[in-house]
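# Coordinate analysis (summary)
Residues per chain are reported as follows:
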Amino acid sequence: MDTSIQPLDRVFLHLGPITIYWYGVIIGTGVLLGLWLATREAVKRGLSKETFVDLVLLAVPIAIVCARTYYVIFEWDYYSKHLSEIPKIWEGGLAIHGGLIGAIITGIVFAKRRGLSFWKLADIAAPSIILGQAIGRWGNFMNQEAHGGPVTREFLESLHLPEFIINQMYINGQYYHPTFLYESIWNFIGFLLLLMLRRVNLRRGELFLSYLIWYSIGRFFIEGMRTDSLMLTAHLRIAQVMSISLILLAVSIWIVRRAKGLAEARYLD
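Residues numbered from 1 in each chain as written. Predicted model: local features only at pLDDT ≥ 70, side-chain atom pairs only at ≥ 80, totals over all residues. Heavy atoms only, no water.

Moving on, we come to the nonpolar core. Core analysis: the biggest nonpolar cluster contains 47 residues, and Phe 52, Ile 124, Leu 156, Tyr 175, Tyr 211 and Leu 212 have the highest contact counts within it. Mapped by element, the contributors of at least two residues to this core are α1 (22-44), α2 (50-74), α4 (96-114), α5 (118-142), α7 (163-168), α8 (179-200), α9 (206-223) and α10 (238-259). Counting residues per element, this core draws most heavily on α5, which supplies 11 residues. Not counting residues within four places of it along the chain, the set of residues in contact with Leu 156 comprises Val 151, Leu 161, Ile 166, Met 169, Tyr 175, Tyr 176 and Pro 178. Judged by nonpolar contacts, the second largest core, of five residues, contains Tyr 70, Ala 95, Leu 230 and Ile 238. (Core = buried A, V, L, I, M, F, W, Y, C linked by side-chain atoms within 4.5 Å. Buried < 20%, exposed > 50% of the residue type's maximum accessible area, 1.4 Å probe, protein only. Helix = DSSP H or I, 4+ residues; strand = E, 2+ residues; numbered from the N terminus. Contact = heavy atoms within 4.5 Å.)

Our focus in this paragraph is the side chain of Asn 187. Note that Asn 187 resides in helix α8. Residue classification places Asn 187 among the buried residues on the basis of a relative accessible area of 0%. Beyond its immediate stretch of four places on either side in the chain, Asn 187 contacts Ile 130, Gln 133, Ala 134 and Tyr 215.

This part covers the pairing of strand β1 (residues 11-15). Of the strand pairs in this sheet, β1 and strand β2 (residues 18-21) are connected by four bridges, and their pairing is antiparallel. When the bridges of β2 are listed, His 14 appears paired with Thr 19. Once β1 ends, the chain turns through two residues before running back antiparallel as β2, passing Gly 16 with a positive phi of about 65 degrees. (Pairing = 2+ DSSP bridges.)

To continue, consider the packing of aromatic side chains. The relative placement of two aromatic rings is captured by the distance of their centres and the angle of their planes. Following the criterion strictly, the structure yields 17 aromatic pairs and no others. Seen from their ring centres, Tyr 78 and Tyr 79 are 5.1 Å apart, and the 90 degrees between their planes marks the pair as edge-to-face. According to the relative accessible area criterion, Tyr 79 is buried, its value standing at 8%. Here the aromatic residues Phe 118, Trp 119, Phe 208, Tyr 211 and Tyr 215 are joined through ring pairs into a cluster of three or more. (Phe/Tyr/Trp six-rings, centres within 6.5 Å; stacked < 30°, edge-to-face > 60°.)

Attention shifts here to the packing of α8 against α9. Interhelical geometry of α8 versus α9 gives an angle of 160 degrees and a closest axis separation of 10 Å. Looking at the two axes, α8 sits roughly antiparallel to α9. The handedness of the crossing between α8 and α9 is right-handed. Residues Thr 179, Tyr 182, Glu 183, Trp 186, Asn 187, Ile 189, Gly 190, Leu 193, Leu 194, Leu 197 and Arg 198 of α8 form the contact with α9, whose participating residues are Leu 207, Ser 210, Tyr 211, Trp 214, Tyr 215, Ile 217, Gly 218, Arg 219 and Ile 222. Split by residue class, the contact of α8 with α9 holds 12 nonpolar, five polar and three charged. (Axes fitted to C-alpha atoms, helices over the stretch in contact; angles between N-to-C directions. Parallel < 35°, antiparallel > 145°, perpendicular 65-115°, else oblique. Left-handed = near helix turned anticlockwise from the far one by under 90°. Nonpolar A, V, L, I, M, F, W, Y, C, P; charged D, E, K, R; others polar.)

Another point: the sheet that holds strand β4 (residues 170-171). With respect to topology, three strands assemble into an open sheet ordered β3-β5-β4, the strand pairing being antiparallel. Two strands close off the open sheet at either side, each with one partner strand: β3 (150-151) and β4. Alignment of β3 against strand β5 (residues 174-176), held across two bridges, turns out to be antiparallel. Within β5, the residue paired with Pro 150 across the bridge is Tyr 176.

For the rest of this paragraph, the subject is the pattern of salt bridges. A complete count under the given rule lists 12 salt bridges for this structure. Of the charged contacts, one joins Arg 198 and Glu 41 as a salt bridge, the two residues approaching to 3.3 Å between their closest N and O atoms. Here Arg 198 is found in helix α8, whereas its partner Glu 41 is found in helix α1, with 157 residues between them in sequence. Accessibility expressed as a relative area gives 6% for Glu 41, which makes it buried. The residue Glu 183 makes a salt bridge to Arg 219 at a minimum N-O spacing of 4.0 Å. Separated by 36 residues along the polypeptide, Glu 183 in helix α8 and Arg 219 in helix α9 bring together distant segments of the chain. The buried category is assigned to Glu 183, whose relative accessible area is 2%. Here Arg 219 falls in the buried class, since its relative accessible area comes to 8%. One network of salt bridges, in which partners are shared, links Arg 137, Glu 183, Arg 219, Glu 223, Arg 226 and Asp 228. (Salt bridge = Lys/Arg side-chain N within 4 Å of Asp/Glu carboxyl O.)

Here it is as structure tokens:
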């Protein structure tokens, strides 16, 4: 064990009795950047500047609660014996699929109450969501979580990774696959792809469905490399089941909406 390699400090700042962790700072940065992008695009699409501010103020807290609840449910054997740890989200344990479910439900209700098209809101938000996910994975990096199986230092060096990433992947005397990085890169490529698809002028809703498909494909394969997956059975990973389900659901909705003439409006209309 190389005791000279020390993990990065998880704490961003101490303010008296308050401790601010890098995990929260990084996730917050992703949310704010995503909000800025969505607000700019919303104005171009004829919505007010306040639309996405109001939506985010509702969706983010609900998504965090749902993401934590989702995680705790599938780790109940542990949390049932450690109830005091359930609120400690700064230590990690936010399941993206749970947060996504919460955000989508919030978006549907919000759109209905405002008399807006959910699909229009979802299309505008899609690039912001996947960019936020790309940034948020670096919170896992700071917590040394969401990593894959063991590898050698030589393998990590062969990927031409910066020294700080290689060292942070040294956990309890062993180097691990930086699966957080693989997913972050996949999501950032997806972000660029969605920006290009905006120009294609897809039918309303199809940009968001493209996001679900792209993200789910990457998550399915990367999840198979992780060692900390939430498990449905001894051999069945929940995130992979969700990924397959979302791909099938998104493709089905895409086909049905076109077949029934429910997707005549286009993104740039």
